Amino acid sequence: MNEKVIIFDTSLRDGEQALQASLSVKEKLQIALALERMKVDVMEVGFPISSPGDFNSVREISKNIKNTIICSLARCVEKDIDAAADAMSVLDNFRIHVFLGTSNLHMQSKLRKNFGEIVNMAIHSIKYAKRYTNDIEFSCEDAGRTSLDNLCKIVECAISAGANTINIPDTVGYTLPNQFSNIIKVLYDKVPNIDQAVLSVHCHDDLGMAVGNSISAILSGARQIEGTMNGIGERAGNAALEEVIMAIKSRQDILKVHTNIEFKEIYRTSKIISQICNMPIPANKAIIGSNAFSHSSGIHQDGILKNRKNYEIIAPQEIGLKEVQLNLTSRSGRAAVRHRMQQMGYQDSEYHIDELYVSFLKLADKKGQVFDYDLEALAFINNQQETPEYFRLEYFNVKSSTSGSATASVTLVCGKEIVTKSATTSNGPVDAVYRALQKISSYKILLQKFQLFAKGQGKDALGQVDIIVDYRDRKFHGIGLATDIIESSAQAMVNVLNSIWRANQVILTLNKSNEL
Ligand code: KIV
Ligand code: ZN
């Protein structure tokens with residue numbers, strides 16, 4: 001068997017740090033479970049010193065993930081390393097990832113240290129982290145712009161100090177594939193103890209080279225690839241793991257390495273991450289875009305009918321893409337819904353059948369037939385609902401026309417009360433609904449982003465609305481799903497109002513315990 005490439009996913013660290021609104025613990029856990037099912041080897045799940053929320057989610061993920069190595073990031077600072085170890089302490093084995101800038105630019109203008117000091121900091125931190133675990137990764141931040149002599153020197157010292165994985169990040173996505181593969185070759189040629197560590201790469205996509213650079217590094221001997229699903233991450237993002245993984249699978253003839261990935265989970269994992277992170281996938285995105293397997297021109301369609309291989313290098317089923325099926329109606333029972341979910345690869349523990357069935361029936365009454373993608377969207381939305389909920393949308397009525405203003409009257413259940421308010425605006429029905437909701441909640445909120453997607457096909461497709469709202473300098477993300485887009489808009493805002501209400505409850509509880 002040829003050599004294995006370790007797949008290191010950093011969607012929950014490098015990916016998450018670039019999102020507009022940070023994810024809740026529950027959302028991060030959903031992503032971690034999907035990555036575990038996809039069998040990534042290592043998942044970096046946070047930077048515990050950065051915030052109590054990050055610390056908490058690393059702890060929760062550590063409690064729940066059994067089959068993937070969990071890793072946390074730390075600067076070369078003792079308190080960072082302590083926090084990382086503490087957050088993962090429920091685990092017998094975990095990885096601490098320490099990093100330090102090694103390029104002249106980072107050393108001089110960011111860290112204000114000379115190279116000797118940087119080497120000493122790296123050695124000290126690796127030895128310090130080694131008290132907690134044997135699995136230490138060291139990253140030379142901005143390695144792509146670091147002098148090769150310095151890079152060889154610090155890598156040798158890091159390995160001697162006990163690092164078992166050495167990561168070479170192209171932090172700003174600046175290098176070209178031949179240059180990046182040369183960096184890896186030089187490290188193999190010049191670092192005497194290089195055989196005692198796994199050489200890893202971590203490429204950013206500022207020049208669109210992240211996947212190309214990662215593949216070129218494999219050709220030079222790198223055996224761990226870091227990246228994120230869908231390529232989410234700082235600025236232009238990280239290497240898209242689904243692309244790296246499928247390139248390794250499809251080009252065995254040249255690359256001669258393999259991964260441990262469960263390929264059939266790629267599509268579902270990618271969709272979960274796109275939904276939860278509110279990062280839509282462009283239609284023409286390689287592997288997972290909605291056009292990646294569709295053939296438009298007559299010549300291509302004819303070629304595909306004669307032999308799919310004429311225009312397809314990957315069969316869609318390989319990544320878990322299934323044919324859309326329609327067979328569920330309002331006459332379908334709970335067992336039929338559950339059976340369809342099982343056929344789509346969902347385990348019972350991944351959704352609540354009772355809640356899903358209630359939303360399924362409501363939708364079936366409206367649409368007649370419920371498709372696979374509808375069912376998946378409903379299961380996803382149900383999972384997003386966090387409890388307790390204070391606000392519930394009871395009723396709304398809107399009037400709008402091209403010539404005048406829009407008016408909305410909205411009724412919410414607020415705890416034990418039922419409240420109705422109206423609003424009028426010249427900005428259309430969604431704005432009118434949002435103004436009415438704001439009057440009811442009396443929260444001073446500012447809508448920052450509003451996105452509408454059709455989930456599925458046809459005129460009766462479900463419309464999903466994603467919004468980002470600013471409230472007291474914090475960002476809140478809300479999602480709503482309905483066949484009526486005004487209703488999904490209202491649901492998304494009610495979702496946000498509930499998150500704000502829950503956040504306020506936490507503050508009230510903390511204040512009370514401080515008073516005692
Ligand atoms: O891009 C980068 O250099 C990083 C390091 C922390 C590995 O994300
Ligand atoms: Zn990065």
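Located above this text is the structure these notes cover.
Just so you know, these numbers come straight off a predicted model, no measurement behind them.

Calculation rules
Residues numbered from 1 in each chain as written. Chains lettered and ligands numbered in written order. Predicted model: local features only at pLDDT ≥ 70, side-chain atom pairs only at ≥ 80, totals over all residues. Heavy atoms only, no water. Salt bridge = Lys/Arg side-chain N within 4 Å of Asp/Glu carboxyl O. Helix = DSSP H or I, 4+ residues; strand = E, 2+ residues; numbered from the N terminus. Buried < 20%, exposed > 50% of the residue type's maximum accessible area, 1.4 Å probe, protein only. Phe/Tyr/Trp six-rings, centres within 6.5 Å; stacked < 30°, edge-to-face > 60°. Lys NZ or Arg CZ within 6 Å of the ring centre and 35° of its normal. Contact = heavy atoms within 4.5 Å. Pairing = 2+ DSSP bridges. Axes fitted to C-alpha atoms, helices over the stretch in contact; angles between N-to-C directions.

1. Notes on the pattern of salt bridges
- In this structure the tally under the stated criterion is 34 salt bridges.
- Of the charged contacts in the structure, one is a salt bridge between Lys4 and Asp41, with a shortest N-O distance of 2.6 Å. In this pair, Lys4 sits in strand E1 (residues 3–4) while Asp41 sits in the loop between helix H2 (25–37) and strand E3 (42–46), placing the two residues 37 residues apart along the sequence.
- For Lys4, a relative accessible area of 34% puts it in the partly exposed group.
- Looking at Asp41, the relative accessible area reads 12%, which means it is buried.
- Taking the shortest distance from any N to any O, the salt bridge between Glu376 and Lys271 comes out at 3.2 Å. Of this pair, Glu376 sits in helix H16 (residues 372–384) while Lys271 sits in helix H12 (residues 266–277), and the two are 105 residues apart along the sequence.
- Classification of Lys271 by relative accessible area gives partly exposed; the value is 24%.
- Connected via shared salt-bridge partners are Arg37, Glu265, Arg268 and Glu350.

2. Some thoughts on the packing of aromatic side chains
- Summed over all chains, the structure comprises 9 aromatic pairs.
- Through a chain of ring-to-ring contacts, the aromatic side chains of Tyr390, Phe391, Tyr443, Tyr471, Phe476 and Trp501 assemble into a single cluster.
- Over the face of the ring belonging to Tyr346 we find Arg268, whose NZ or CZ atom lies 4.4 Å from the ring centre.

3. As for the side chain of Asn213
- The residue Asn213 is located in helix H9 (residues 210–219) in this model.
- Every residue in contact with Asn213, bar those within four places of it in the chain, is listed here: Asp170, Thr175, Leu176, Pro177, Phe180 and Cys203.

4. Some thoughts on the sheet that holds strand E18 (residues 474–482)
- Strand order in the open sheet formed by 3 strands is E16-E17-E18, and the pairing between neighbours is antiparallel. A single partner strand is all that each edge strand has here, and the edge strands are strand E16 (446–455) and E18. Looking at each pair of strands side by side, their axes are set apart by 15 degrees on average, direction ignored.
- Relative to E18, strand E17 (residues 462–471) runs antiparallel, the two being bridged by 9 bridges. Looking at the pairing, Val465 lines up with Gly480 of E18.

Read these as spatial facts, not as claims about activity.
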